[in-house]
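Given next are the chains, with one letter for each unit.
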Amino acid sequence: MFENDDEKLKNIMKLKAELEKDLKKKGLLKEKSKESKDLKYEEETVKKIKENITTSAHITEEGSLSIYDINFQDYDASIDSIEKTLRIFSQKTANLNWKLIFEGLNSMLSGDLKKAHSSFEQASGIEAQYNKLLTELYIGQDISQQLVAFVKNNPDSIYPLLLLLERELLKGTADGIEKVLLLLTKKSSFWNLIYRMYTNLANADDVAKAVREKGFASLILLLSVYIDNSRDYPLQNHTCLNVHKSYLKGETTTAPEWCLFGQLIIAARKYLSGYKIDVQHLRRFEKSPEMKLFLGFLHYNEKNTSLAREYFKAFETQVGRYKIYTKPLRHSKIGMEQFIAIPNDFKDLAAENLPIIDFLKDNTSVDLYISYRNHEFLRLVFSEKHCKINYR
């Protein structure tokens, strides 16, 4: 986490100033007016940002009945600090229903999903129902029927959409993800930003709108660096934020065994340095499109063409649409650079939706970067907690 609230506010205000400067250059933001209504708008904007930052170091009992809501309040809090706070809530609250939910969330975060499910079953309310279904999803149960009823009975709530999205994310279904995201864009500017990041369309205006909302401040700050890589990003006490900072800067990283994105960076760096890769270690992530793509290139470089073809085909089916970019080959291993740093130097669009293995056969002297709708931007919303629970 940031060292203190003042530093958090300083970083967000710096981001706000940079965004306004960019928007003015593009003619998307008018110069400040001296009229009182414009001054009032500025004051309200600053007040909202300050309220967001000064409260994000803490979570409230009433606002912490799901992991999503906890992330909304304090995205950059460590799992340990959240567990500690939930234990305090559980001990102090006079609300028996909340106590059951806090105990369930703590069990979920510690990996005891059966115990978590038992707690949520005894609780009531939409948050308890959401948590119960989410736990069943994590356990591996088919929740299709319950999910249909949950959506039908709660048409205006965000929780059914979150459950649908996380279900599709774990399945890796591209079409389902986009449909759910489009519904979520109607809920907030934050979700519009996530949709735009996912579809590779996000710009500074999307960030400027999202940053005005009370939630996910640290994540929005990180996403702004994806849009403008010249911006700096402070070190955090958070796996997702630190690993993505390393990726954006092309730096080495450390990551827990359950961190899909971080383990992919580490594996690609090792392979480019001449080390053998423990494929079995990566099997836990195999349902994700980025791991299929990585394994496709790994097997191709190892001359296992048949396996490479299988993984590439599975990746192509999973993501639906993609583009192939090229540049002169700097390494003997093709396709690995894209996994270790943001691929700004891949400029040449060579093909769209062409089978990757066919393209490789005809282009042996270039390096490849595959641009697609990246599920990692969705994983980031659910945070390190999602990956620790599902890939531990």
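Everything discussed here concerns the structure shown above.
Conventions and cut-offs
Residues numbered from 1 in each chain as written. Predicted model: local features only at pLDDT ≥ 70, side-chain atom pairs only at ≥ 80, totals over all residues. Heavy atoms only, no water. Phe/Tyr/Trp six-rings, centres within 6.5 Å; stacked < 30°, edge-to-face > 60°. Helix = DSSP H or I, 4+ residues; strand = E, 2+ residues; numbered from the N terminus. Buried < 20%, exposed > 50% of the residue type's maximum accessible area, 1.4 Å probe, protein only. Lys NZ or Arg CZ within 6 Å of the ring centre and 35° of its normal. Expected span 1.5 Å × (residues − 1). Arc of directions from axis to C-beta. Contact = heavy atoms within 4.5 Å. Axes fitted to C-alpha atoms, helices over the stretch in contact; angles between N-to-C directions. Parallel < 35°, antiparallel > 145°, perpendicular 65-115°, else oblique. Nonpolar A, V, L, I, M, F, W, Y, C, P; charged D, E, K, R; others polar. 1 Å grid on protein atoms, 1.4 Å probe; cavity = no way out; pocket = protein on both sides within 12 Å on 5 of 7 lines; lining within 4 Å. Points joined across faces, edges and corners; volume = space filled by probe spheres on them.

Here the focus is the packing of aromatic side chains. One pass over the full model with this rule turns up 17 aromatic pairs. On the numbers, 5.6 Å between centres and 85° between planes, the contact of F72 with F216 is edge-to-face. Residue F72 is found in helix 3 (residues 67-73), and its partner F216 is found in the loop between helix 12 (204-211) and helix 13 (217-227); the two are separated by 144 residues along the sequence. Taking the relative accessible area as the measure of exposure, F72 reaches 34% and is therefore partly exposed. Between F190 and F216, the ring centres sit 4.2 Å apart and the planes meet at 5°, which makes this aromatic pair stacked. Here F190 is found in helix 11 (residues 189-198), whereas its partner F216 is found in the loop between helix 12 and helix 13, with 26 residues between them in sequence. Under the relative-accessibility criterion, F216 is labelled buried at 1%. Through a chain of ring-to-ring contacts, the aromatic side chains of Y68, F72, Y75, F190, W191 and F216 assemble into a single cluster. If you follow K327 out to its NZ or CZ, it ends over the ring of F346, 4.7 Å from the centre.

Taking 1.5 Å per residue as the helical rise, helix 4 (residues 79-92) with its 14 residues ought to reach 20 Å, and the 20 Å between its terminal C-alpha atoms agrees with that figure. For helix 4, the full list of buried residues reads I79, I82, E83, L86, F89 and S90. Summarising the axial view, the buried residues of helix 4 lie within an arc of 120°, below the 170-degree limit, and thus occupy one face. Exposed residues lying more than 90 degrees from the buried face of helix 4 are D80, K84, Q91 and K92. Turning to helix 4, the residues buried within the fold contact helix 3, helix 5 (96-110) and helix 20 (376-391).

Now for the packing of helix 7 (residues 126-139) against helix 9 (residues 159-171). Each packed pair of helices is defined by two parameters, the angle between the axes and the distance between the axes. One way to put it is that helix 7 packs onto helix 9 with a least axis distance of 10 Å and a crossing angle of 10°. By the angle between their directions, the pair helix 7 and helix 9 is classed as roughly parallel. Facing I126, E127, Y130, L133, L134, L137 and Y138 of helix 7, the residues of helix 9 in contact are Y159, L162, L163, E166, R167 and L170. Considering only residue class, the contact of helix 7 with helix 9 consists of 10 nonpolar, no polar and 3 charged.

Another aspect to go through is the layout of surface pockets. Any empty space left between the atoms is revealed when a probe the size of a water molecule rolls over them. Estimated volume of the largest pocket: approximately 920 Å³. Lining the largest pocket are 34 residues, and of these N200, Y369, S371, Y372 and F377 sit closest to its centre. Those elements giving two or more residues to the lining of the largest pocket turn out to be helix 13, helix 14 (239-249), helix 15 (260-272), helix 17 (289-301), strand 1 (322-328), strand 3 (366-372) and helix 20. The element that contributes the greatest number of residues to the lining of the largest pocket is strand 3, accounting for 4 residues. Considered class by class, the residues forming the lining of the largest pocket number 19 nonpolar, 8 polar and 7 charged.

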